[in-house]
Every structure is written in structure tokens, then in C-alpha cells.
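This is what each chain is made of:
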Amino acid sequence: MQPGDAPAGARGPDGSVTTGGGDTARAQTPGERLASPPPGISGPDSDPTRIEIGGLVMPKPVTWVWQPPSMQFRTLQYGVPAPGGATPAAELIFSVFPVGDGGPIDPNIDRWAGQFRTPEGGPVTPTNRSVREVEGLRLTRVDLAGAYMGMGAAAPRPETAQLAVIVEAPDSRVFIRLLGPAATVEAARSDFDALVEGIRPAASR
């Protein structure tokens, strides 16, 4: 598990974690994996031009390919290819929690920032932070870049970037992150921006 996959306050007193999608969530014990996406979550055979998760829908490029969630706390995951295969792929990661779980916004952003370091080893300050509201949703956007150190990694990954948005919906909180080599993430920035701009409650589509 990487710390970026565990929003603040997500773990229960019994050591279980809350995960799920649509308007529902359930306890997932460490090491457990969902065999197939529950209703209300995009799967490998879903519309390749859109994503549905946590009661939300949003557009995506057809080249972003569904993958089985590879870690605990990941509800949905896509591979984001690098242009021309010049650099490794990035990951589009979704984590869904019921309202009241996942912790406050600022501690989650601070936790993400704590995973990155400058080339000199210093702390990284989040950039491009913004907040907006659309159709009853509150979206907090933030960018990070630097050397990324996930839990269990042997060494930091230099030149890594993360574009992230936290969506506060009436029935869920959805954490969305595009994480990977900086060149790949930057190449996908406009598509990620379009995804964020297109987020809407599923019922409104």
C-alpha cells in the first residue's frame, strides 16, 4: 500500500478500511480484492469514453485503459499511456469513501505533499490549488511534482508528478489522482483538465 491510497481517517479502529463506489461502501480487510467492479463503477467493458464512480460521471480518452485496482484503497484504476511510448505510463487512481470518512481536505493534501521532495531533498509546496462548485459538488484541485517516495519503495522516483482533485458529493467523497512520470502526466494534463471540468452527478447526465 502507498500512503497516497489511504486518505486521512480512512482506517477503522479494527484495522479494516472503507472502500467502495457508487452510493455504497463496505469494509475491506487488508489484502482483499474485489473480483469485479460493483454496480455504479466503470469496468473493463464499460463505455470507453466515460467513467462512472461514486455517483459521478466524467469524460476520458479511449486510450486510458481500465486496470484491476492494484492496491488497497483503490476503487478504480486506469493506465494512462505516454505519447509514443517514450516514457513509462502513468496511473489514474480513484478512491471512494462515504461522507464523513477519508478525513478533512487539508490533511490529505498535506499528506500527498509529504510524499514528494525537491531535487535537493526539501519539501514540496502544492501548486495550482483551486476550489470550485458545480451542481452540488465541491471540487478541490491541486498539483504536485518532484521525487516521489511511496511506502515500501526502495528509493524515491525522480521527476514524478501528480494532478489531483477531491470531489465532495452529497453521498460520497471521491479522490482522483493522475500519478506517474512527469513527462507522461504533463502530456495528459489537458485530458485530465477536461475530465475534471466534465465531472457531474450521474443523475444529471
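Each remark here, short or long, concerns the structure printed above.
Remember, it's a predicted structure, so these values are computed and weren't measured experimentally. (Residues numbered from 1 in each chain as written. Predicted model: local features only at pLDDT ≥ 70, side-chain atom pairs only at ≥ 80, totals over all residues. Heavy atoms only, no water.)

**Q** Would you mind showing me how to read the overall build of the chain here?
**A** A count of helices and strands for the chain gives three helices and 13 strands. Here the chain holds 205 residues, and the buried ones make up 47% of them. A separation of at least 24 residues holds for 57% of the contacts in the chain among residues at least 6 apart in sequence. If you sum the accessible surface of the chain, you get close to 9300 Å²; carbon and sulfur atoms cover 56% of it. (Helix = DSSP H or I, 4+ residues; strand = E, 2+ residues; numbered from the N terminus. Buried < 20%, exposed > 50% of the residue type's maximum accessible area, 1.4 Å probe, protein only. Contact = heavy atoms within 4.5 Å. Areas by Shrake-Rupley, 256 points an atom, 1.4 Å probe, with all protein chains shown as cover.)

**Q** What is the right way to read the side chain of Ser172 from this model?
**A** With respect to the secondary-structure elements, Ser172 resides in strand β12 (residues 172-181). Only 2.9 Å separates the side chain of Ser172 from the backbone oxygen of Gly54, close enough to count as a polar contact. (Polar contact = N/O pair within 3.5 Å; in protein donor to acceptor, adjacent residues only side chain to side chain.)

**Q** Quick question: what am I supposed to make of the nonpolar core here?
**A** Soluble globular proteins: nonpolar side chains tend toward being buried together. Counting residues in hydrophobic clusters, the biggest one holds 30 residues, and the most contacted among them are Leu92, Phe94 and Ile176. Setting aside its immediate chain neighbours within four residues, Leu92 contacts Ile51, Trp64, Leu76, Gln77, Tyr78, Val80, Ile176, Arg177, Leu178, Phe192 and Leu195. In this structure, Trp112, Ala113, Tyr148 and Ile166 belong to the second largest nonpolar core, which totals 16 residues. (Core = buried A, V, L, I, M, F, W, Y, C linked by side-chain atoms within 4.5 Å.)

**Q** What is the right way to read the pairing of strand β11 (residues 157-168) from this model?
**A** One face of the sheet, then the other: side chains in a regular strand alternate in exactly this way. A large share of β11 lies buried, amounting to nine of its twelve residues. Direction of pairing for strand β10 (residues 137-148) relative to β11: antiparallel, over a ladder of ten bridges. Each bridged residue has a counterpart across the sheet, and for Ala145 the counterpart in β11 is Ala161. Direction of pairing for β11 relative to β12: antiparallel, over a ladder of nine bridges. (Pairing = 2+ DSSP bridges.)

**Q** Hey, could you run me through the pairing of strand β6 (residues 76-80) in this one?
**A** Across the five residues of β6, five count as buried, placing the element largely inside the fold. Here three bridges tie strand β5 (residues 65-67) to β6, and the two strands are oriented antiparallel to one another. Residue pairing across strands places Trp66 opposite Tyr78, the latter belonging to β6. Of the pairings in the sheet, the one linking β6 to strand β7 (residues 90-98) comprises five bridges and is antiparallel in character. The partner of Val80 across the bridge, within β7, is Ala90.

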